[in-house]
Amino acid sequence: MSENTETANDYALARVLNEREIHMFYLLDTLKELPDFSALNHSYVLLREELIQIYDRQPELQNVRGDICWRVMPNIELFHENIGEYKTIAFEYANSGSDYGQQHNADVTTLCIKAGISKPVIPPIIQKLLSEADNNIKAFQYELDKMNAKLSIEGFSIPVVTVGETKYHFSSMRDGPILSIIAHCLSNHPNEQIDFDTIKSELKELKIKVPAKFNIKDQIRTSHFGAGKPLSPFVTAFPKAVIVRSTVELSDEQIELIRLAKA
């Protein structure tokens, strides 16, 4: 079959639109706590309408085996309320735990191969919807990344904040009690409030010395983790206790402060 036929182009269009729907569905099913996704829902619904029209005029697409997210869930406005129903209805999802229509779209790819087409000619109106969807996906992913900023210590002394795929490295902290305390809590007691006596005892077993009289809050105050400093969201310090968080939600302002202060 020639790649210039309407049927072949519909197969290729369906594959591209399916990919976007699956991607949006996947993003929502990865975490319980989510930022606003109304823009994603907008794109999901509009792309679904185009897919309905494409499938309605192509019998071979209608006969593709397996479920795909948009054929089961008409919108994602109440995603978490309805995802249980989707998992019950969608055989592939229920049995693999991760298929939102990937197998279905793989079979659509087979139709494309048989039809001799790799990329579709995308009508302007659909291209506009795809561009809008890509922008909404990118914006949503950024909001997800901000909600899950991660702290790590590299090279034994370098604090690193990871936001999505971006890493912000800070200048090396001088080896000392504060760095030892933060690194130890991050590895062994993330997101827990730990009192000084427990920390001191555990570090002693590791042959790391900590002064008998030590005010954690005062010592952290002048470090990268002090109040008002770039890494302060990751640490809450008290005179005799500390909470070191491995993951936090950052605002745009906090990310900008981290970006400007990185080494």
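Keep in mind that what you see is a predicted model, and the values were worked out from it rather than measured.

J.: Would you mind showing me how to read the overall build of the protein here?
T.: Along its length, the protein carries 12 helices and 7 strands. Across the 263 residues in the protein, those meeting the buried criterion constitute 44%. Of the contacts formed within the protein by residues at least 6 apart in sequence, a portion of 67% connects residues at least 24 apart.

J.: Would you explain the layout of surface pockets in this entry?
T.: A probe matching the size of a water molecule, rolled over the atoms, marks out where space remains unfilled. Taken as a whole, the largest pocket encloses approximately 300 Å³ of empty space. Considering the residues around the largest pocket, the lining is formed by 13 residues, among which M173, R174, I178, Q219 and S223 are closest to the centre. If you tally residues by element for the lining of the largest pocket, the top one is helix α9 (residues 177–188), at 3 residues. Looking at the lining of the largest pocket, its residues break down into 5 nonpolar, 6 polar and 2 charged.

J.: Whenever I open this one, helix α8 (residues 124–147) confuses me. Can you help?
T.: Owing to its 3.6 residues per turn, the α-helix aligns residues three or four sequence positions apart on the same side. For α8, with 24 residues, the first-to-last C-alpha span of 35 Å sits near the 34 Å given by 1.5 Å per residue. For α8, the set of buried residues is I126, L129, L130, A133, N136, I137, F140, L144, D145, K146 and M147. Where α8 is buried, its residues meet α1 (6–28), α2 (38–56), β1 (149–154), β2 (158–163), β7 (247–248) and α12 (252–261).

J.: Which parts of the structure should I look at to understand the packing of α1 against α2?
T.: Helix-helix packing is described using two parameters, namely the angle between the two axes and the distance between the axes. Running from N to C, α1 and α2 cross one another at 150°; their axes reach a closest spacing of 10 Å. Between α1 and α2, the interaxial angle falls into the category roughly antiparallel. The handedness of the crossing between α1 and α2 is left-handed. When α1 is examined against α2, the residues D10, L13, A14, L17, N18, R20, E21, M24, F25 and L28 are found in contact with a partner set consisting of L40, S43, Y44, L47, R48, E50, L51, I54 and Y55. Looking at the contact of α1 with α2, its residues break down into 12 nonpolar, 2 polar and 5 charged.

J.: When you look at the side chain of S43 in this model, what are you seeing that I'm missing?
T.: Examined against the element boundaries, S43 turns out to sit in helix α2. The exposure class assigned to S43 is buried, which follows from its relative accessible area of 2%. Once residues within four sequence positions are removed from consideration, S43 is found in contact with E21, M24, E132, A133 and N136.

J.: Explain the sheet that holds strand β3 (residues 166–169) to me, please; I cannot follow it from the model alone.
T.: Two pairing modes exist for strands in a sheet, parallel and antiparallel, and in both the strands are linked by backbone hydrogen bonds. Read from one edge to the other, the open sheet built from 4 strands follows the order β3-β2-β1-β7, with strand pairing classed as antiparallel. Since the sheet does not close on itself, it has two edges, and those belong to β3 and β7, each with one partner. Examined bridge by bridge, β2 and β3 share 4 bridges and lie antiparallel to one another. Of the residues in β3, the one forming a bridge with V160 is H169.

J.: Explanation requested: unusual backbone geometry in the structure shown.
T.: Among all residues save glycine, negative phi is the norm, and among peptide bonds the norm is trans. For N191, which is not glycine, the phi dihedral falls at a positive 65°. Turning to its location among the elements, N191 is positioned in the loop between α9 and β4 (193–195). On the basis of relative accessible area, N191 is assigned to the partly exposed category, the value being 46%. The phi dihedral of K207 falls on the positive side, at around 65°, and the residue is not glycine. What makes K207 exposed here is its relative accessible area of 77%.

J.: Just to check I follow, could you spell out the environment of H189 for this structure?
T.: Within the secondary structure, H189 sits in the loop between α9 and β4. A C-alpha to C-alpha distance of 8.4 Å links H189 and I243, two positions 54 residues apart in sequence. If we ignore the near neighbours within four places in the chain, the residues touching H189 are H184, I194, E202 and V244.

Cut-off values and rules
- Every residue gets a number counted from 1 within its own chain, in the order that chain's sequence is written.
- Per-residue local features are limited, in this predicted model, to residues with pLDDT of at least 70; the limit for side-chain atom pairs, both in listing and counting, is 80 or more; totals at the level of whole chains, interfaces and linings are taken over all residues.
- Hydrogen atoms and water are omitted, and side-chain values are computed over all heavy atoms in the structure.
- Each helix is a run of DSSP H or I of at least 4 residues and each strand a run of E of at least 2, with the numbering of both proceeding from the N terminus.
- The classification of residues rests on relative accessible area computed with a 1.4 Å probe and restricted to protein chains. Under 20% of the type maximum is buried, over 50% is exposed, and intermediate values are partly exposed.
- Contacts: residue pairs with any heavy atoms within 4.5 Å of one another.
- A cavity here means a set of points on a 1 Å grid, drawn over the protein atoms and nothing else, where a 1.4 Å probe fits but cannot get out; a pocket is an open set with protein on both sides within 12 Å along at least five of seven lines, and a residue lines either one if it has an atom within 4 Å of a point.
- Grid points are joined across faces, edges and corners, and a volume is the space filled by probe spheres set on the points.
- Any residue that is not Ala, Val, Leu, Ile, Met, Phe, Trp, Tyr, Cys, Pro, Asp, Glu, Lys or Arg is counted as polar, Gly included; the first ten are nonpolar and the last four charged.
- The length a helix should cover is 1.5 Å for every residue beyond the first.
- Angles run from 0 to 180 degrees between N-to-C directions of axes, and those axes are lines fitted to C-alpha atoms, restricted for helices to the stretch in contact.
- By the definition adopted for this analysis, an angle is roughly parallel if under 35 degrees, roughly antiparallel if over 145, roughly perpendicular if from 65 to 115, and oblique otherwise.
- Left-handed describes a crossing whose near helix is turned anticlockwise from the far helix by less than a right angle; the clockwise case is right-handed.
- Only when DSSP finds a minimum of two bridges between them are two strands counted as paired.

The values are spatial; any link to function lies outside them.
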